[in-house]
Amino acid sequence: MQTKTATRLGLLPPYLFAELDRLKKEVAASGVDVISLGIGDPDLPTPQHIVDSLKRAADLPKNHRYPDYEGLEEFRRAAARWFERRFGHRFDPVGEVCALIGSKEGIANFPTAVVDPGDIVLIPDPGYPVYYSGCVFNGGEPYFLTLTKRNGFVPDFSSVPDEVARRARLLWLNYPNNPTAATVDAAFFDRAVRFCLKNDIILAHDSAYSEIAYEGYRAPSVFDAKDARECAIEFHSLSKTFSMTGWRCGFAIGNPQLISALGKVKTNVDSGVFQAIQEAAITALNGGDGDKLGEYCAIYRERRDLLVGALREMGLKCDLPRATFYVWAEVPSGYTSVSFTERVLKEAGVAITPGSGFGKGGEGFVRFSLTVSSERLTEAVARIKALRL
Ligand SMILES: *Cc1c(COP(=O)(O)O)cnc(C)c1O
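Here the structure is a predicted model, which is why all the values come from computation and not from measurement.

A.B. asks: Can you help me understand the site of the ligand in this one?
C.D. replies: Taken together, 14 residues sit near the ligand, with Asp206, Tyr209, Ser237, Ser239 and Lys240 positioned nearest. Contacts to the ligand include aspartate 206, whose side-chain N or O atom sits 2.5 Å from a nitrogen atom. A distance of 2.7 Å separates an oxygen atom of the ligand from a polar side-chain atom of tyrosine 209. Among the elements of the structure, α4 (103-114) and α8 (238-241) are those that each provide at least two residues to the shell around the ligand. In terms of residues, the shell around the ligand owes the most to one element, α4, which gives three residues. Along the lines of polarity and charge, the residues of the shell around the ligand split into four nonpolar, six polar and four charged.

And the structure:
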C-alpha cells in the first residue's frame, strides 16, 4: 500500500536540523566529545520548591482526572497576578487568560482560530519555525518580515505593501527574540499596535524570553502599548523563566475574543494541562520568581560574557545580548551559515545552529546557546579558536 500523506506536510521546509543531527551523531560516533551549543533548553534544573509542589500534587486523586480545558481557575488567577506584578496590567483571569500545554501549543493552534485560507500571516524571518507551520497548516499565506542587522532585527512596518497589509490577518512578533537575541522598547509595540489597528490585523506576541534578561533590562509587554487590548494576545511560557521546558506549561493572555477563540480550538483538540503540573506552575508563578531566576540569569550572564568576549577575539561579529540565552553571531567571510556550522562541528566537535535554519533571513549568522556550563563553554571556545578562522 502506498501511504499518502497530506499536501500540507509538503509545505514544510526541508528539515535542515535533521541533516545536522545526523552529522552530529557521526562526529560523536567517531569518539569526539561533542559540546552542544545548539539547543534552546536550559541546563539549569527546575527550582526544587516547584518540583516538590508537583510531587505533592501528583499524590492527589482529584488531579488524576481530566483537567478543565481552559486551565484551573487558580492557575489562571496566579498567571494574571504574576502578569500584573511583572508588567502592571490587570487582566480578568476568567475571560482573558488561557492555560497552554507549553506556549508552542498555543502558538501552533492560534492560527486555526483566526486565519482563513488565503489570509496573509506576517512572520518575522528569521523566526521561531512554529509561526510558519501554524500558518501553512491552516491555509494561510506567509509574508516574511526580514530582520536584518541594519534594522536592528526589528520589522519595518512601513515596508509592508498596502495590498499585503490589507490581506493580512495576523502578525507574529517575538521580543526578546529567538534566534537574534534582539530586544525592543515599548515604543516599538506602540508602532506595531498602530499598524495592526489601522489594517485590522491581530497582533500575537510571543514573550517566551521576557524574564531571561541582564543588567536590569526589563522586557516590555505588548500591553504596554496604548489600545493593545483591542487587537493583541501575548503568549507566555514557564519553560525558560523557571527552567521547566519538559513540563509543558504556559498561558495566553489578552483580548477576550481572541482568548475565547483559541479556547474553542483547544476544546476540540486537547484536554488541557495535567492538574498536578498546573499546581506546581502556581507555586512557580506565586513565589519563586525572585530567587532562582536572579541566580540563573547571573549564570547565563557570566556565560554570555565569556562567549561574546571569545567570539570577538576571534573576529566574529556579534552583539552583546541584553536578553535570552542566545548569542547571534555573523559567520566569517567565505562561509554560509551551514558551511560554518559544519566546519565547527566536524573539526571542533561543537554543535551550533545555522541561522538559515530559522529562515532565509538568518543566512550569514549562527546561533550559540548559553545552556552549558562555563567549563564546557570555555572548552568549546578553545576548540573553535584552534580552527584559526
Ligand atoms: C522556547 C520557545 C517557545 C516556547 O516554548 P514552550 O516550551 O512551548 O512554552 C516559544 N517561542 C520561542 C521563540 C521559544 O524559543
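A.B. asks: Could you clarify how one ought to interpret the domain arrangement of the protein in this entry?
C.D. replies: By a widespread convention, an interface's size corresponds to the accessible area lost as its parts come together. Taken domain by domain, the protein comprises domain 1 (8-45 + 291-385) and domain 2 (48-286). Distance between the C-alpha centres of domain 1 and domain 2: 25 Å. Counting residues at the interface gives 35 residues for domain 1 and 32 residues for domain 2. Across the interface of domain 1 and domain 2, roughly 2,900 Å² is buried in total on both sides, 62% from carbon and sulfur atoms. Linking domain 1 with domain 2 are three salt bridges, by the criterion used here. For glutamate 215, the salt bridge goes to arginine 304, with nearest N and O atoms at 2.7 Å. Where domain 1 meets domain 2, there are 15 residue pairs in polar contact (both at pLDDT 80 or more).

A.B. asks: Where do I start with the sheet that holds strand β7 (residues 232-237) in this structure?
C.D. replies: What the seven strands build is an open sheet, ordered β2-β8-β7-β6-β5-β3-β4; its pairing is mixed. Sheet topology places β2 (97-100) and β4 (141-146) at the edges, where each strand pairs with a single neighbour. Averaged over all pairs of adjacent strands, the angle between strand axes in this sheet comes to 20°, irrespective of strand direction. Pairing of β2 with strand β8 (residues 250-254) involves four bridges; the strand directions are antiparallel. Each residue of the ladder has a partner; that of cysteine 98, found in β8, is alanine 252.

Parameters at a glance
Residues numbered from 1 in each chain as written. Predicted model: local features only at pLDDT ≥ 70, side-chain atom pairs only at ≥ 80, totals over all residues. Heavy atoms only, no water. Near = heavy atom within 4 Å. Polar contact = N/O pair within 3.5 Å; in protein donor to acceptor, adjacent residues only side chain to side chain. Helix = DSSP H or I, 4+ residues; strand = E, 2+ residues; numbered from the N terminus. Nonpolar A, V, L, I, M, F, W, Y, C, P; charged D, E, K, R; others polar. Domains from an automatic or database assignment. Contact = heavy atoms within 4.5 Å. Buried area = accessible area lost by both parts, 1.4 Å probe. Salt bridge = Lys/Arg side-chain N within 4 Å of Asp/Glu carboxyl O. Pairing = 2+ DSSP bridges. Axes fitted to C-alpha atoms, helices over the stretch in contact; angles between N-to-C directions.

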